[in-house]
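One letter stands for each residue in the lines below.
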Amino acid sequence: MSLSLKMEIDPVEDVTCLNPELLQLPEVSPFALKTTPLLVDDLFSQWLSLPETGNLVKSWINDAKAGTAVNACANFSNVNAVGSNSLPSMFSSVNAPPLSPRSSSGSPRSSKQKSSPSALGSPLKLFSDPMQEVIPQFYFQNGCPPTKELKEQSLSKINHLFNNPLNGLLIDEFKTVTKEVCKLPSFLSSALFRKIDVDCMGIVTRDAFITYWVDGNMLTMDVATQIFEILKRPGHKHLTQVDFRPILRELLATHPGLKFLQNSPEFQDRYAETVIYRIFYHMNRSGNGRLTLRELKRGELISAMQQADEEDDINKVLRYFSYEHFCVIYCKFWELDTDHDFFIDRENLIRYGNHALTYRIVDRIFSQAPQKFAGDVEGKMGYEDFVYFMLSEEDKSSEPSLEYWFKCIDLDGNGVLTPNEMQFFYEEQLHRMECLALEPVLFEDILCQIIDMIAPEREDCITLQDLKGSKLSGNVFNILFNLNKFMAFETRDPFLIRQEREDPTLTEWDRFAHREYIRLSMEEDVEDASNGSADVWDESLEAPF
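Residues numbered from 1 in each chain as written. Predicted model: local features only at pLDDT ≥ 70, side-chain atom pairs only at ≥ 80, totals over all residues. Heavy atoms only, no water.

- As annotated in an unreviewed UniProt entry, the chain carries the name EF-hand domain-containing protein and is attributed to Gossypium mustelinum.

Structure follows, in structure tokens:
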């Protein structure tokens, strides 16, 4: 009986009962394959159960482990010739099952298969002997080592600068190394010198410098990382305000634009403090007093330090180091601090900007909602806190300022400004307009104006991200608690608009500080003229400068 006839009569017969002799039939009817699709799988399972098949598979595995090429075609033909249980003709008609086609452009493995002759002979070879790619080292715990060429160039300069009988340099002679070899601002010289001279010997030898700068891989670091490593104290992963004092002292001692302060040590200290406060105000966004390397790289301090080292006029370095900016901040604080105890209270701050601020916003500031005061005196604001306030008040377009005032208006601290919270602060503005006989603007109209300026994602509240995404965000806070700037915004002074268009690189703080410094200079000139040639100077009327 033929196999096709047997399947037509009994198609549901258990395949496990098939006689292995049936596998020797020359062919299988196509009709039988169509009516019983699982026949091929069952026949293959039957073939795998044969002892000869098991021996064949074991031999393939042993050959693969030994690293020898596996000739599947030859082994396959041998097993067909062994014994009476051989494969049917449908298996013997082909040498091996074809591999699935692969895209030559999409798979990197295809190029490896083409270049390996042994891989064509055996699919098992692909898994037993994979091609290994050598990935160059990309992480170095102590920084990337310098190239040979860079190292040789640096050593040549070092040998030239340290070529003296002492084979080393004193602190006064070290500035050239800082500038020419390290490519750092010159006022970092003392900090770098003391970083290397850990034993306080007063001299840095050639070998000690090479160990720190070249062997320590400082040579290949970016400038921000170099400065960070020089300034931070051992065991710390951040910079504090104290870490910046050495470079400010050297800047005051060496910069030509600050030489006039050499006989005024008190104002030198105040200038250094102000610069440090401004640095942390803009760069230490977490507000924890710990400046990280990431924050240092994101800010503009490095470029400002380089500009301060190259520019003789310190007032042209608008970021952080301008003496005129310091003068404006300090004089404003001195004016408000009537008893000169270096603290100001609520009544003092109310007088800021010709009584521009409302009582409610001043109360929020003294409740320390935007920032915890650095001083320990109850109900008093110190100089550092005033610097943060003044920078926020005079430039409400900066992100630190937006965060400062957002916390003030956010009464419940839930991260959104609701119409009720904004109305609470605007009510006092409305009352002040009525007292000054100004035409009042209802809060409903103000709210529509604020929504149009900010265009928040939700009309029922405003988030900090909404404010940061709008160029008019500062005007929102002026509307809510600064009457003078609110009126100026409503009238749109064409002179100020023209100034902004002439130099858009200047910030609101830069323009304010420039105008205020001119005012202070004019007042000082008038005071000098009124004193005439008097020889006696009244100490009680003495200005802070």
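1. Observations regarding the overall build of the chain
Okay, so step 1: Within the chain, the secondary structure is distributed over 31 helices and 4 strands.
Okay, so step 2: Taken across its 545 residues, the chain has 39% of its residues classed as buried.
Okay, so step 3: Summarising the internal contacts of the chain: among those between residues at least 6 apart in sequence, 60% fall at separations of at least 24.
Okay, so step 4: Summed over all atoms, the accessible surface of the chain reaches about 31,400 Å², with 54% contributed by carbon and sulfur. (Helix = DSSP H or I, 4+ residues; strand = E, 2+ residues; numbered from the N terminus. Buried < 20%, exposed > 50% of the residue type's maximum accessible area, 1.4 Å probe, protein only. Contact = heavy atoms within 4.5 Å. Areas by Shrake-Rupley, 256 points an atom, 1.4 Å probe, with all protein chains shown as cover.)

2. Brief notes about the environment of N288
Okay, so step 1: Relative to the assigned elements, N288 resides in the loop between α16 (265-283) and α17 (293-298).
Okay, so step 2: Judged by its relative accessible area of 46%, N288 is partly exposed.
Okay, so step 3: Expressed as a C-alpha distance, the spacing of N288 and T240, which sit 48 residues apart in the sequence, is 9.5 Å.
Okay, so step 4: Polar contacts involving the side chain of N288 include one to the side chain of N284, which spans 3.2 Å.
Okay, so step 5: Within polar-contact distance, the side chain of N288 engages the side chain of S286 at 2.8 Å. (Polar contact = N/O pair within 3.5 Å; in protein donor to acceptor, adjacent residues only side chain to side chain.)

3. Some words on the packing of helix α19 (residues 323-336) against helix α23 (residues 383-394)
Okay, so step 1: Put simply, α19 and α23 touch, their axes get as near as 11 Å, and they point 115 degrees apart. Taken together, α19 and α23 sit at an angle that is classed as roughly perpendicular. As α19 packs across α23, the resulting crossing turns out to be right-handed. Where α19 abuts α23, its residues F326, V328, I329, Y330, K332, F333 and L336 lie against Y383, F386, V387, M390 and L391.
Okay, so step 2: Its residues assigned to classes, the contact of α19 with α23 comprises 11 nonpolar, no polar and 1 charged. (Axes fitted to C-alpha atoms, helices over the stretch in contact; angles between N-to-C directions. Parallel < 35°, antiparallel > 145°, perpendicular 65-115°, else oblique. Left-handed = near helix turned anticlockwise from the far one by under 90°. Nonpolar A, V, L, I, M, F, W, Y, C, P; charged D, E, K, R; others polar.)

4. Some details on the UniProt feature "domain: EF-hand" (unreviewed entry) in the chain
Okay, so step 1: UniProt's entry tags residues 397-432 with the feature "domain: EF-hand" (unreviewed entry), counted in the numbering of this structure.
Okay, so step 2: The span residues 397-432 carries 69% helix and 6% strand; its end-to-end C-alpha distance comes to 25 Å. (UniProt positions renumbered as here; feature names shortened; annotations may be inferred.)

5. With respect to the nonpolar core
Okay, so step 1: In terms of nonpolar packing, the biggest core is built from 116 residues, with F209, W213, F244, Y271, F321, F386 and F389 touching the most fellow members.
Okay, so step 2: Looking at this core element by element, the count peaks at 10 residues for α16.
Okay, so step 3: Beyond its immediate chain neighbours, meaning those up to four positions away, F386 contacts I329, K332, F333, L336, I344, L349, Y352 and M381. (Core = buried A, V, L, I, M, F, W, Y, C linked by side-chain atoms within 4.5 Å.)

6. Thoughts on unusual backbone geometry
Okay, so step 1: Unusually for a residue other than glycine, H340 sits at a positive phi of about 55 degrees.
Okay, so step 2: Checked against the element boundaries, H340 lands in the loop between α19 and α20 (346-350).
Okay, so step 3: Its relative accessible area of 40% is what places H340 among the partly exposed residues.
Okay, so step 4: In this structure, N354 takes a positive phi of about 60 degrees despite not being glycine.
Okay, so step 5: With respect to the helices, strands and loops of the structure, N354 is situated in helix α21 (residues 352-355).
Okay, so step 6: On the basis of relative accessibility, which here comes to 64%, the residue N354 falls in the exposed class.

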